[in-house]
2 protein chains.
Amino acid sequence: MILTVTLNTALDLTYGVPELVPHASHRVSEMSERPGGKGLNVARVLSALGHRTVVTGFAGGATGAVLRELLAGLSPQEPADPGGGLDAPQAPEPGTAPAPTAPAPVTDALVTVAGNTRRTIAVVDRATGDTTQLNEPGPLVTADEWAALLGRYEELLAGADAVALCGSLPPGIHVGAYAELVRSARTAGVPVLLDTSGEPLRRGIAARPDLIKPNADELAQLTGSREPMRATRDARRRGAHGVIASLGPDGMLAVTPDGIWQAAPPARVPGNPTGAGDSAVAGLLSGLVEGLSWPDRLRRAVALSTATVLSPTAGDFDRAAYEELLPRVGIEEHAPAAR
Amino acid sequence: MILTVTLNTALDLTYGVPELVPHASHRVSEMSERPGGKGLNVARVLSALGHRTVVTGFAGGATGAVLRELLAGLSPQEPADPGGGLDAPQAPEPGTAPAPTAPAPVTDALVTVAGNTRRTIAVVDRATGDTTQLNEPGPLVTADEWAALLGRYEELLAGADAVALCGSLPPGIHVGAYAELVRSARTAGVPVLLDTSGEPLRRGIAARPDLIKPNADELAQLTGSREPMRATRDARRRGAHGVIASLGPDGMLAVTPDGIWQAAPPARVPGNPTGAGDSAVAGLLSGLVEGLSWPDRLRRAVALSTATVLSPTAGDFDRAAYEELLPRVGIEEHAPAAR
């Protein structure tokens, strides 16, 4: 199974309004709510790809209860393979095969906290399609609750094929928290991907995660450079074994111990980039667990991420688009001299 | 006791942001949540004035559960007068006496519905103090749930000294719902105040409520006129026995069977007008139940409403300001010829 950690889970609300006018009153014409936080989004995509996933992190209060109820609803009622899961499905044609289509269960292993899980609100302006985001800070997590999470995490690592550490830290959690979780994963021999930003990313990298997946802003904040190759290599020198830099609509740049690749979608696509990064993480991790080559992992990550931008529902991916895009992702290997 | 009816209760969230920028992402720096919907706001002020209040209407789902928990927290742990309540306290000096200061209990008599109670979000821009409002539509109420509300309402009317019918209708409730509730109150001989807008107000007025409390926009929508005296008299001709028109910072205009009065605060005050109308309703109803004269009821309504604008917390009133303002509200009686 794949483990995802979301320390600051969220109930994601999406409000459609005809037009957002500051200082006016708006009747919300459409709304949806779903379990959120980056690690939960990654788990949802992994589940759709047929990978059994366990989610941990914190949830609490009335909002946490709603989140867990919605999370329980994500899992298929009758798993396609209740006996053993689908952790390493056989790809019929290496490289261009989509992951299996039967969704796999997402197991709730969240640690209950006394505080109330945060809400995030995406206000979608139906006139322009633009989104205004309001994020609550999250519950104050106590030292005892953090200790409980560490215990739960160690137990779960024992059965994990890979782990993703995702998103922001809630109030009360020390800035080196991800570094601590990276070290535990490495001690347990579980490949670990870190997807966060700012100081938690900086500290986490120093603990030598297998992978990080920063976007251009996160890379610039970390390294001071907006030149992709320079910034990605700098990030790798800071401790990450592999750095997969998201180049937004231009795809991804991967600087790894095995080589350097650039992967690009066949064309720029219009749509909502919300969740595209989380889909990319799911693509990278599922490819790692399935033993795919770097180019094939990147193909999957770019196709999933592009299919997420194309989906009418923010954060979901369009499966038909994904399958159509997968063989069309362009991969360019940089010459060893460029390394 | 005073009964308030809130068919579309709400969990009111207030988010403070440094500055609201459309299409940007915002970290909410301060937040609060409290039980809302106009009738619940009226009940909170009545409670602070020492009047036992019962609230009915609809609540459901996870948001409804949070609302009811917060509502339970509003009531004083040890009521000042657990034996009999404080329905008709003696005013030491008629006209300028503030209501008693010991808060009275607010009793939850809400009808549980299957749908989820709505949230409203007030985004307060800390740079300007301006508020952007986002209101969910509310749960779809079924015919059976409406029938249950009617039964509960009839029972509660038997013990009520006055009733306020407040706010918007949730989806599924017929537009003549308030007219139906006004007629029941009149049949039961309980004075009824209707505070709503649009077609539900138009229909409700035709059922001849004792009082309505429209603001300038609601009056204009009802009568087509923005001239206060003309619009207020027109509203009265449509069926309301008394019309108390809110003139915003200029106070109130009361056209009643007993005379016409204009009441004005001593000065315009800066602040947040959210909830000022609900405080005015509480002032009018408490004054009615205490047997105050029209000028004294208007003094109380204007002082409470002005003290609500002055309060740092939206919807609460500043008690010291209220007591200071009360004797300073100006009352002007219009000559009988003007009637």
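Residues numbered from 1 in each chain as written. Chains lettered and ligands numbered in written order. Predicted model: local features only at pLDDT ≥ 70, side-chain atom pairs only at ≥ 80, totals over all residues. Heavy atoms only, no water.

As for the sheet that holds strand 9 (residues 131–135) of chain A
No. 1: Spatial strand order, 4(A)-2(A)-8(A)-9(A)-3(B): five strands in an open sheet with mixed pairing. With partners counted over all chains shown, the strands left at the sheet margins are strand 4 (30–36) of chain A together with strand 3 (25–27) of chain B, one partner each. Pairwise comparison of adjacent strand axes, ignoring direction, gives a mean angle of 15° for this sheet.
No. 2: Bridge count between strand 2 (residues 10–17) of chain A and strand 4 of chain A: seven bridges; the pairing is antiparallel. Within strand 4 of chain A, the residue paired with Leu11 of chain A across the bridge is Pro35 of chain A.
No. 3: Helix-sheet contacts for helix 2 (residues 61–72) of chain A involve strand 2, strand 4 and strand 8 (118–125) of chain A, and the interaxial angle to strand 4 of chain A is about 85°. (Pairing = 2+ DSSP bridges. Helix = DSSP H or I, 4+ residues; strand = E, 2+ residues; numbered from the N terminus. Axes fitted to C-alpha atoms, helices over the stretch in contact; angles between N-to-C directions. Contact = heavy atoms within 4.5 Å.)

A closer look at the interface of chain B and chain A
No. 1: If you look at the interface, chain B gives 31 residues, while chain A gives 31 residues.
No. 2: Between chain B and chain A the total buried area reaches about 2500 Å² when both faces are included, carbon and sulfur atoms providing 58% of it.
No. 3: When the buried area of chain B at its contact with chain A is split by residue, His23, Arg119 and Leu134 of chain B rank highest and sum to 23% of it.
No. 4: The interface formed by chain B and chain A holds two salt bridges in total.
No. 5: For Glu33 of chain A, the salt bridge goes to Arg119 of chain B, with nearest N and O atoms at 2.7 Å.
No. 6: Summed over the shared surface of chain B and chain A, the result is 16 residue pairs in polar contact (both at pLDDT 80 or more).
No. 7: Listing elements by their share of the side of chain B that touches chain A, those giving two or more residues are strand 2 (10–17), strand 3, strand 4 (30–36), helix 2 (61–74), strand 8 (118–125) and strand 9 (131–135) of chain B.
No. 8: The residue makeup of the side of chain B that touches chain A, split by class, is 16 nonpolar, nine polar and six charged.
No. 9: Pairing of strand 9 of chain A with strand 3 of chain B, which is carried by three bridges, proceeds in the parallel orientation. Residue pairing across strands places Asn135 of chain A opposite Arg27 of chain B, the latter belonging to strand 3 of chain B. (Buried area = accessible area lost by both parts, 1.4 Å probe. Salt bridge = Lys/Arg side-chain N within 4 Å of Asp/Glu carboxyl O. Polar contact = N/O pair within 3.5 Å; in protein donor to acceptor, adjacent residues only side chain to side chain. Nonpolar A, V, L, I, M, F, W, Y, C, P; charged D, E, K, R; others polar.)

Points about the environment of Gly248 of chain B
All names here are of chain B.
No. 1: Relative to the elements of secondary structure, Gly248 occurs in the loop between strand 13 (242–246) and strand 14 (252–256).
No. 2: Note on Gly248: relative accessible area 45%, which makes it partly exposed.
No. 3: Counting along the chain gives 54 residues from Gly248 to Val302, while the straight-line C-alpha distance between them is 9.8 Å. (Buried < 20%, exposed > 50% of the residue type's maximum accessible area, 1.4 Å probe, protein only.)

Section: the nonpolar core
It is characteristic of soluble globular proteins that their nonpolar side chains tend to be buried jointly.
No. 1: Ranked by internal contacts, the top residues of the largest apolar core, which has 46 residues, are Leu3, Leu7, Val163, Leu165 and Leu181 of chain B.
No. 2: Phe58, Val113, Leu156 and Val192 of chain A belong to the second largest nonpolar core, which has 45 residues in total. (Core = buried A, V, L, I, M, F, W, Y, C linked by side-chain atoms within 4.5 Å.)

Comments concerning the side chain of Ser305 of chain A
No. 1: Its place among the elements puts Ser305 of chain A in helix 9 (residues 294–310).
No. 2: When residues no more than four places from it in sequence are discounted, the contact partners of Ser305 of chain A are Ala276, Ser279 and Ala280 of chain A.

Some details on helix 4 (residues 177–188) of chain A
Because an α-helix packs 3.6 residues into every turn, residues spaced three or four apart end up facing the same way.
Residue and element names in this part refer to chain A.
No. 1: Between its first and last C-alpha, helix 4 extends 17 Å over 12 residues, near the 16 Å set by a 1.5 Å rise per residue.
No. 2: Turning to helix 4, its buried residues number three or more, namely Ala177, Tyr178, Ala179, Leu181, Val182, Ser184 and Ala185.
No. 3: Looking at the buried side of helix 4, the elements it contacts are strand 1 (2–6), helix 3 (143–157), strand 10 (162–166), strand 11 (192–195) and helix 5 (198–206). (Expected span 1.5 Å × (residues − 1).)

Some details on the packing of helix 6 (residues 216–223) of chain B against helix 7 (residues 228–237) of chain B
Residue and element names in this part refer to chain B.
No. 1: Interaxial distance between helix 6 and helix 7 falls to 10 Å at its minimum, and their mutual angle equals 60°. As summarised for this structure, helix 6 and helix 7 are arranged oblique, according to the angle between their axes. Judged by the twist between their axes, the crossing of helix 6 over helix 7 is left-handed. For the pair helix 6 and helix 7, the contacting residues are Leu219, Leu222 and Thr223 in the first and Ala231, Thr232, Asp234 and Ala235 in the second.
No. 2: Looking at side-chain class alone, the contact of helix 6 with helix 7 contains four nonpolar, two polar and one charged residues. (Parallel < 35°, antiparallel > 145°, perpendicular 65-115°, else oblique. Left-handed = near helix turned anticlockwise from the far one by under 90°.)

A look at the relation of the copies chain B and chain A
Here the two chain copies are tied together by a rotation about an axis and a shift along that axis.
No. 1: Superposition of chain B onto chain A requires a rotation of 180° combined with a translation of 0.0 Å along the rotation axis, giving an RMSD of 0.1 Å. Such values leave the two copies arranged in the relation of a two-fold axis.
No. 2: A shared binding surface is used by both copies, with 100% of the interface residues of chain B retained as interface residues in chain A. (Least-squares fit on C-alpha atoms with pLDDT ≥ 70 in both.)

Examining the sheet that holds strand 3 (residues 25–27) of chain A
The strands making up a sheet are joined through hydrogen bonds of the backbone, oriented either antiparallel or parallel.
No. 1: Strand order in the open sheet formed by five strands is 3(A)-9(B)-8(B)-2(B)-4(B), with mixed pairing between adjacent strands. Lying at the two open borders of the sheet, with one neighbouring strand each, are strand 3 of chain A together with strand 4 of chain B. Direction aside, neighbouring strands of the sheet carry axes that sit 15° apart on average.
No. 2: Along the sheet face, helix 2 of chain B touches strand 2, strand 4 and strand 8 of chain B and points at about 85° away from the line of strand 4 of chain B.

A short note on unusual backbone geometry
No. 1: The backbone phi angle of His23 of chain A is positive, close to 75°, even though this residue is not glycine.
No. 2: Its place among the elements puts His23 of chain A in the loop between strand 2 and strand 3.
No. 3: Accessibility expressed as a relative area gives 37% for His23 of chain A, which makes it partly exposed.
No. 4: The phi angle at Arg208 of chain B is positive, at roughly 65°, despite the residue not being glycine.
No. 5: Locating Arg208 of chain B in the fold gives a position in the loop between helix 5 (198–206) and strand 12 (211–212).

Looking at the side chain of Arg119 of chain A
No. 1: Residue placement: Arg119 of chain A occurs in strand 8.
No. 2: For Arg119 of chain A, a relative accessible area of 3% puts it in the buried group.
No. 3: At 2.8 Å, the side chain of Arg119 of chain A forms a polar contact with the side chain of Glu136 of chain A.
No. 4: Within polar-contact distance, the side chain of Arg119 of chain A engages the side chain of Glu33 of chain B at 2.7 Å.
No. 5: Among residues more than four places away in sequence, those in contact with Arg119 of chain A are Leu11, Leu13, Thr63, Leu134, Asn135 and Glu136 of chain A together with Leu11, Leu13, Tyr15, Met31 and Glu33 of chain B.

Concerning the pairing of strand 1 (residues 2–6) of chain B
All names here are of chain B.
No. 1: By the criterion of burial, strand 1 is predominantly enclosed, with five of the five residues buried.
No. 2: The two faces of strand 1 match: Ile2, Thr4 and Thr6 on one face and Leu3 and Val5 on the other face are all buried.
No. 3: Sheet topology places strand 1 next to strand 5 (residues 53–60); five bridges connect them, and they run parallel. Within strand 5, the residue paired with Leu3 across the bridge is Val54.
No. 4: Pairing analysis gives five bridges linking strand 1 to strand 10 (residues 162–166), with the strands arranged parallel. Looking across to strand 10, one finds that Ile2 is bridged to Ala162.

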